[in-house]
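Summary of the model geometry
Here are the chains, one letter per residue:
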Amino acid sequence: MTPTEIMRDLARNDIFPRAAMAAAGKRRDEMTPIFVELVERLGRQQVRSMRDADLVALIPVFYLLGEWQVTDAYRPLLHLLRRPTRALDHTLGDAVTEVSFRVITGTFDGDLQPLFDAVLDLRADDFARSSLMSALVLIAELHPDQRPKIEDFFRTFRARHLKASTDVLLGWTEAISDLGLEDMAEAVRELFDKVLIPKDYCDYADFLEDLHATRDAGAPGNPRYADGLITDSIAELSKWHCYTDAFFEQQKVRKVSNDLRVAPWTEFFKNPAPPVGRNDPCPCGSGRKYKKCCLQ
């Protein structure tokens, strides 16, 4: 397949682009700048200007850049992940929370500062910032020379963000436990004492359990790190419901296009209540956002 044919098939919303992804892997040198340019373009465009074809192609491109460990994509990807919530929902959707930390770790170019800046960006989406904290944890595991800087960043984070949102604070506490920073336990306890993290999210006992699991294992006890870097994008994306034959058949029967496959669940939300947005309160009544509750 030529690069043009590869991009055409990556942008199709009626197939799982297995052949195009495999062909891209064989023409990596040619496809890498095309992929990076796509990320850069979507990183600067307004939502209303984004082409559906670009949006559909972005998810496999996102995975492949992480698998190929394209360091030239590190900063453009961080720029994309720093975009406001509406733009991220439109471009990456659930990939923000599910896989972005592994993509960023894979593309890491050795400079932590752009990643620190993204985590500290108050204008960025809270879930993206939390996912980027997970990237820092994974980088610390895979690049031990970077661990001291990363640990120092998390130790001083609260001093710079006394009014951080609940979701960002939760990401911070999870990073503390995943890094095994036992000296930060009292600082975390303070969050729970002040109810800055509601008990229906988790409680201090949960934090201590995770912290001790990391200490005992000598590595993050959180299972989300078990897969490490992306090594087979085709295998991983084939598990997405929106890439299954059953999904495509349903789309044909219902005569519905899946232009925005980043959030395919919106087409199948079965609830007597009106459709729920990913950042709306969960209809189950937990008080948490839908994407952090029943959506998972």
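This report concerns the structure included in the present document. (Residues numbered from 1 in each chain as written. Predicted model: local features only at pLDDT ≥ 70, side-chain atom pairs only at ≥ 80, totals over all residues. Heavy atoms only, no water.)

**Observations regarding helix 14 (residues 204-217)**
Helix length check: helix 14, at 14 residues, gives a terminal C-alpha distance of 20 Å against a target of 20 Å (1.5 Å per residue), a fit within 8%. Taken together, the buried positions of helix 14 are Y204, F207, L211 and T214. Angularly, the buried residues of helix 14 cover 85 degrees about the axis, an arc narrow enough to put them on a single face. Of the residues in helix 14, the exposed ones pointing more than 90 degrees away from the buried face are E209, D216 and A217. Its buried side turned inward, helix 14 meets helix 12 (166-179) and helix 13 (185-193). Measuring from the backbone nitrogen of A205 back to the side-chain oxygen at the start of helix 14 gives 3.1 Å, which picks out D203 as the cap. (Helix = DSSP H or I, 4+ residues; strand = E, 2+ residues; numbered from the N terminus. Expected span 1.5 Å × (residues − 1). Buried < 20%, exposed > 50% of the residue type's maximum accessible area, 1.4 Å probe, protein only. Arc of directions from axis to C-beta. Contact = heavy atoms within 4.5 Å. Polar contact = N/O pair within 3.5 Å; in protein donor to acceptor, adjacent residues only side chain to side chain.)

**Concerning the packing of helix 1 (residues 3-10) against helix 2 (residues 18-26)**
Helix-helix packing is characterised by the crossing angle of the two axes and by the distance between the axes. Where helix 1 contacts helix 2, the two axes come as close as 8 Å, and the packing angle between them is 145 degrees. In this structure, the crossing between helix 1 and helix 2 has a hand that is left-handed. Contact with helix 1, carried on its side by I6, D9 and L10, involves A20, M21, A23 and A24 of helix 2 and no other residues of that element. Of the residues in the contact of helix 1 with helix 2, the class split is six nonpolar, no polar and one charged. (Axes fitted to C-alpha atoms, helices over the stretch in contact; angles between N-to-C directions. Left-handed = near helix turned anticlockwise from the far one by under 90°. Nonpolar A, V, L, I, M, F, W, Y, C, P; charged D, E, K, R; others polar.)

**A few points about the pattern of salt bridges**
Once the charged atoms of two side chains with opposite charge are near each other, the side chains can pair. Counted by the stated rule, this structure contains 20 salt bridges. Between R75 and D109 there is a salt bridge whose closest N-O contact spans 3.0 Å. One end of the pair, R75, is in helix 5 (residues 74-81); the other, D109, is in the loop between helix 8 (100-107) and helix 9 (113-120), and 34 residues separate them in sequence. We classify R75 as partly exposed; its relative accessible area is 42%. With a shortest N-O distance of 2.8 Å, K194 and E190 are connected by a salt bridge. Residue classification places K194 among the exposed positions, given a relative accessible area of 52%. Accessibility expressed as a relative area gives 39% for E190, which makes it partly exposed. (Salt bridge = Lys/Arg side-chain N within 4 Å of Asp/Glu carboxyl O.)

**A short note on the packing of aromatic side chains**
Enumeration according to the criterion identifies 12 aromatic pairs in this entry. Between F101 and Y225 the ring centres are 5.7 Å apart and the planes differ by 80 degrees, which places this aromatic pair in the edge-to-face class. Of the two residues, F101 is situated in helix 8 and Y225 in the loop between helix 14 and helix 15 (233-237); the sequence distance between them amounts to 124 residues. Of the aromatic side chains, those joined through ring pairs into one cluster are F16, Y63, W240 and Y243. (Phe/Tyr/Trp six-rings, centres within 6.5 Å; stacked < 30°, edge-to-face > 60°.)

**Quick look at the side chain of T105**
With respect to the element layout, T105 can be found in helix 8. The exposure class of T105 is buried, given its relative accessible area of 3%. A polar atom in the side chain of T105 sits 2.7 Å from the backbone oxygen of F101. Residues in contact with T105, not counting those within four places in the same chain, are A135, L138, I139, L142 and L229.

**Some words on the nonpolar core**
Residues F35, L92 and F154 are the most contacted members of the largest nonpolar core, which totals 90 residues. Ranked by the residues each element gives to this core, the list is headed by helix 4 (residues 52-68), at 10 residues. Every residue in contact with F154, bar those within four places of it in the chain, is listed here: M133, L136, W172, A175, I176, L179, L181 and M184. (Core = buried A, V, L, I, M, F, W, Y, C linked by side-chain atoms within 4.5 Å.)

**Let's talk about the environment of V96**
Within the secondary structure, V96 is located in helix 7 (residues 95-98). Among the residues examined, V96 registers a relative accessible area of 2% and is labelled buried. Sequence spacing of V96 and R129 is 33 residues, and the spatial spacing of their C-alpha atoms is 9.5 Å. Residue contacts for V96: discarding those within four places in its chain leaves L81, L88, F127, A128 and S131.

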